[in-house]
Amino acid sequence: MNDPIHTGTQAVWGGEEKSWMQGATQVPVVHSVSFGYTDMDEWLQVANGERPGHIYGRNTNPTVQAFEEKVRLLEGADAATSAATGMGIISSTLFALLRAKDRVVSIKDTYGGTSKLFFEFLPRFNVDAVLCDTEDHEAIETEIAKGCRLVYLETPTNPTIKILDLERLAGAAKKAGAIVVVDNTFATPINQNPLQLGADLVLHSATKFLGGHADALGGVICGNRDLVKKIYHFREINGATLHPMAAYLLLRGMKTLHLRVARQNESALDIARFLWEHPAVGRVYYPGLETHDNYDIACRQMRGFGGMLSFELKENTLDAAKRFLPRLKYAHAAANLGAVETIVGMPATTSHVECTAQERAAMGIPEGLIRYSTGIEDPRDLIADLKQALAGM
Ligand SMILES: *Cc1c(COP(=O)(O)O)cnc(C)c1O
């Protein structure tokens, strides 16, 4: 009957209508912790989930719900729930869906905090995580075929921007009867929708591109209704609830998600090409370059290659990176990504700070690697800035 509306319109309007009040055109920030009732039967029905409404802020909140609804629509999912941070939703998901003696198949390049869950916390509950070489699809399929409860994927990866074939791996997981979870933080729903490629659940650190302004933490997961319900139930009990003020900031940021990501896609490709040709630069990691190992997979499953790239200086050492970063004028050297401002960092001081140099080397992360999160500045100024910073390196 109705044509599906386009992503840009969904980013602006999606999920908001139900929360408007008294003619306000914006979603209100509802700070109230509890929600009162004069009719005790109505209260009981809401409490039992038999009718919509709110009881207590640790469980649900109208501003938080509007945020979840917007992400749900952008990912084309049946259901969504959120948490205070990306790690809040990732840990809630794993602890809600896994039991003792379960096996998880994942990759070596998951986000640092996620790999901590795999290495340090899940084994305490007798959950075994097998972490495969990220680009060895056959090895991942072999591990999946041995049987597992959950397959946990991330693409593009941090910080070497590797690409996984989601359709292929989700197919292997389906055959093994495993749940497929994808961290879509780097791609955003503008560039990639894992649910359409066979995933059961897609999650985001909303702190990054979704919010886009580096001023609010949040996490969100969307997908299969029964699975989301289990994750919500665990999160309401562990208490890692998204704050309504953060939900509002994330919601406001998402209204420009499509514009920001379109600019970041374009600028990052220009910058990757510029770096590729620069004599002071070694390897450049960006899936939009034809030289990327999995360029063909990226072309098939992504609508844009994203704002994240990384590169090595010719002098590929931590010392050289330390000299280079402060020379950049239009880039915060900080442990974050996905914001309107360009952000740079070294895995050795940001995402992989907990690892030793040897561990980073074993993961294929060069000591001098520089991660570049492209902002929405004019790309001509970003390239000029890189050019002056690279001069004499
Ligand atoms: C930052 C990040 C996370 C964790 O999110 P927080 O909001 O910092 O808890 C998870 N996955 C990826 C890919 C990230 O970049």
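Coordinates for the structure precede this section.
Residues numbered from 1 in each chain as written. Predicted model: local features only at pLDDT ≥ 70, side-chain atom pairs only at ≥ 80, totals over all residues. Heavy atoms only, no water.

(A) Examining the sheet that holds strand E11 (residues 343-345) more closely. If you trace the five strands from one edge of the open sheet to the other, you get E8-E9-E12-E11-E10, paired in mixed fashion. Taken across any chain shown, the strands that pair with only one partner, and hence form the sheet edges, are strand E8 (281-285) and strand E10 (332-333). Across four bridges, strand E9 (residues 308-313) lies against strand E12 (residues 370-373) in antiparallel orientation. In the strand pairing of E12, Ser-310 is matched with Arg-371. Together, E8, E9 and E12 form the strand contacts of helix H11 (residues 257-277), whose direction differs from that of E9 by roughly 15 degrees. (Pairing = 2+ DSSP bridges. Helix = DSSP H or I, 4+ residues; strand = E, 2+ residues; numbered from the N terminus. Contact = heavy atoms within 4.5 Å. Axes fitted to C-alpha atoms, helices over the stretch in contact; angles between N-to-C directions.)

(B) Local environment of the pattern of salt bridges. Counted by the stated rule, this structure contains 16 salt bridges. The residue Lys-116 makes a salt bridge to Glu-120 at a minimum N-O spacing of 3.9 Å. Pair noted here: Lys-116 and Glu-120 are both in helix H5 (residues 112-121), with a separation of four residues, about one helical turn. Under the relative-accessibility criterion, Lys-116 is labelled partly exposed at 31%. (Salt bridge = Lys/Arg side-chain N within 4 Å of Asp/Glu carboxyl O. Buried < 20%, exposed > 50% of the residue type's maximum accessible area, 1.4 Å probe, protein only.)

(C) Up close: the environment of Leu-289. Residue placement: Leu-289 occurs in the loop between E8 and helix H12 (295-301). For the pair Leu-289 and Arg-273, spaced 16 residues apart in sequence, the C-alpha separation works out to 7.3 Å. Setting aside chain neighbours within four positions, we find Leu-289 in contact with Ala-272, Arg-273, Trp-276, Val-284 and Tyr-295.

(D) Fine view of the site of the ligand. Lining the immediate surroundings of the ligand are 14 residues, of which Gly-86, Met-87, Asp-183, Thr-207 and Lys-208 lie closest. Within the side chain of Thr-207, an N or O atom sits 2.7 Å from an oxygen atom of the ligand. Top element by residues in the shell around the ligand is helix H4 (residues 86-97). It accounts for three residues. A class-by-class count of the residues in the shell around the ligand yields five nonpolar, six polar and three charged. (Near = heavy atom within 4 Å. Polar contact = N/O pair within 3.5 Å; in protein donor to acceptor, adjacent residues only side chain to side chain. Nonpolar A, V, L, I, M, F, W, Y, C, P; charged D, E, K, R; others polar.)

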